[in-house]
Amino acid sequence: MTINNLLDSLTTSGWYVWDDFLNTSEIQSIKDCIPDTLQEAKIGNGVSLQLNTNVRGDVTLWLDDDMGDPIKSYFNKMYDIRQELNAGLYLGLRDFETHFCRYKPGAFYQKHLDNPQSKSRRKVTTVLYMNEDWQTGDGGELVVYDREDTKLLELSPKAGRMIFFMSEQFPHEVLPTNTVRESIAGWFLNSVA
Ligand code: OGA
Ligand code: MN
């Protein structure tokens with residue numbers, strides 16, 4: 001699990017799973033910065049904002065680097081990775097946006113693309129998992145498909161693990177979770193949509 005593995009794997013397959021990206025205490029200190037009351041996740045943006053629990057049932061909170069040192073160091077880490085991706089893969093990534101997500105038991109997120117038809121600035125998706133005691137049967141797996149809709153992988157949302165994938169290329173879904181499931185999704189953005 002190194003930055004070079006990430007660069008190689010993003011180049012060859014377009015995705016990469018980095019286990020132990022953060023350790024237990026780093027994850028816990030980020031959680032401690034998150035307020036308990038979160039908004040319902042919304043589909044779309046601007047005036048078309050609407051709640052649609054048939055599509056996704058999580059609640060989210062956009063993160064900012066003034067929300068505490070643990071979140072600031074997460075941003076710094078992602079900043080360093082952005083520099084590496086630009087230096088190694090010439091992706092021209094300019095920004096990073098990221099939100100915390102909490103799925104209550106029964107919640108899921110239907111199969112979707114993070115950047116359908118390349119209409120947004122999202123180039124690389126990251127999802128960091130925060131579930132310390134995740135066990136088989138807890139559900140909430142991330143299932144990733146290729147462009148032909150063939151299942152590529154099913155990933156348990158174990159604490160400290162981070163997945164990276166090209167936002168335009170991989171449909172993915174969150175299977176219904178049986179326990180509270182927490183993650184931080186993020187997107188490296190290029191300069192133009
Ligand atoms: C998303 C998403 C996946 C996950 O927020 O767009 O696909 O595993 N999240 O939390
Ligand atoms: Mn997604």
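Starting from 1, residues in each chain are numbered consecutively following that chain's sequence as written. As a convention, the first chain written is A and the first ligand written is 1, with the rest following in written order. This being a predicted model, a pLDDT of at least 70 is required before a residue's local features are given, and a value of 80 or more before pairs of side-chain atoms are given or counted; all residues contribute to the totals for chains, interfaces and linings. Just so you know, side-chain values use all the structure's heavy atoms and leave hydrogens and water out.

- In the nomenclature of an unreviewed UniProt entry, the chain is known as 2OG-Fe(II) oxygenase of Wohlfahrtiimonas larvae.
- Its UniProt record, at the heading Cofactor (unreviewed entry), says of the chain: "L-ascorbate". UniProt positions are given in the numbering used here, feature names are shortened, and annotations may be inferred rather than shown by experiment.

Points about the site of ligand 1
Then, number 1: Taken together, 14 residues sit near ligand 1, with His112, Tyr129, His172, Arg181 and Ser183 positioned nearest.
Then, number 2: Any pair of nitrogen or oxygen atoms within 3.5 Å is treated as a polar contact; in protein, a donor-acceptor pairing is required on top of that, and neighbouring residues in sequence qualify only through side-chain atoms on both sides. Side-chain polar atom of histidine 112 to an oxygen atom of ligand 1: 3.2 Å apart, as the coordinates give it.
Then, number 3: One of the side-chain N or O atoms of histidine 172 is found 2.9 Å from an oxygen atom in ligand 1.
Then, number 4: In the complex, 99% of the free accessible area of ligand 1, which totals 290 Å², lies under the protein chains.
Then, number 5: In this text, helices come from DSSP runs of H or I with a minimum length of four residues, and strands from runs of E with a minimum of two, each type numbered from the N-terminal end. Breaking the shell around ligand 1 down by element, the ones donating at least two residues are strand S7 (109-112), strand S8 (122-129), strand S12 (172-174) and strand S13 (181-190).
Then, number 6: Ten residues, namely Ala, Val, Leu, Ile, Met, Phe, Trp, Tyr, Cys and Pro, are considered nonpolar, four, namely Asp, Glu, Lys and Arg, are considered charged, and the remaining ones, Gly among them, are considered polar. Residues of the shell around ligand 1, tallied by class, amount to 8 nonpolar, 3 polar and 3 charged. Distances are taken per atom, and a residue is near a molecule or strand as soon as one of its heavy atoms is within 4 Å of it. Under the convention used here, a 1.4 Å probe and the Shrake-Rupley method define accessible areas, while residue burial counts only the protein chains that appear.

Considerations on the packing of helix H1 (residues 3-12) against helix H3 (residues 69-89)
Each pair of packed helices can be described by the angle between their axes along with the distance between the axes.
Then, number 1: Axis definition: a line fitted to C-alpha atoms, limited for helices to the stretch in contact. Angles are taken between N-to-C directions and run from 0 to 180 degrees. Interaxial distance between H1 and H3 falls to 11 Å at its minimum, and their mutual angle equals 55°. Considering their axes alone, H1 and H3 lie oblique with respect to each other. Once H1 is placed against H3, the crossing between them reads as right-handed. Of the residues in H3, those touching H1 at Ile3, Leu6, Leu7, Leu10 and Thr11 are Ile81, Glu84, Leu85, Gly88 and Leu89. Should an angle fall under 35 degrees it is taken as roughly parallel, and over 145 as roughly antiparallel, whereas 65 to 115 is taken as roughly perpendicular and any remaining angle as oblique. Crossing handedness: left-handed means the near helix sits turned counterclockwise from the far one by under a right angle, and right-handed means the same turn made clockwise. The contact definition used throughout considers only heavy atoms, calling two residues in contact when any of these lie within 4.5 Å.

Notes on the packing of aromatic side chains
Then, number 1: Ring geometry is summarised as follows: Phe, Tyr and Trp rings, the Trp one being its six-membered ring, pair when their centres sit within 6.5 Å, and such pairs are stacked at plane angles under 30 degrees, edge-to-face over 60 and tilted between the two. In total, this model carries 10 aromatic pairs according to the counting rule given.
Then, number 2: Residues tryptophan 18 and phenylalanine 164 carry aromatic rings whose centres are separated by 6.2 Å and whose planes lie at 35° to one another, so their mutual orientation is tilted. Pair noted here: tryptophan 18 is in strand S1 (residues 15-18) and phenylalanine 164 is in strand S11 (residues 162-166), with a separation of 146 residues, a long-range link.
Then, number 3: For a lysine, the NZ atom is tested; for an arginine, the CZ atom; a charge sits over a ring if that atom is within 6 Å of the ring centre and within 35 degrees of the ring normal. Over the aromatic face of tyrosine 145 sits the side chain of lysine 111, whose NZ or CZ is 4.1 Å from the ring centroid.
Then, number 4: Cation over ring: arginine 181 sits above tyrosine 103, and NZ or CZ is 4.8 Å from the ring centre.

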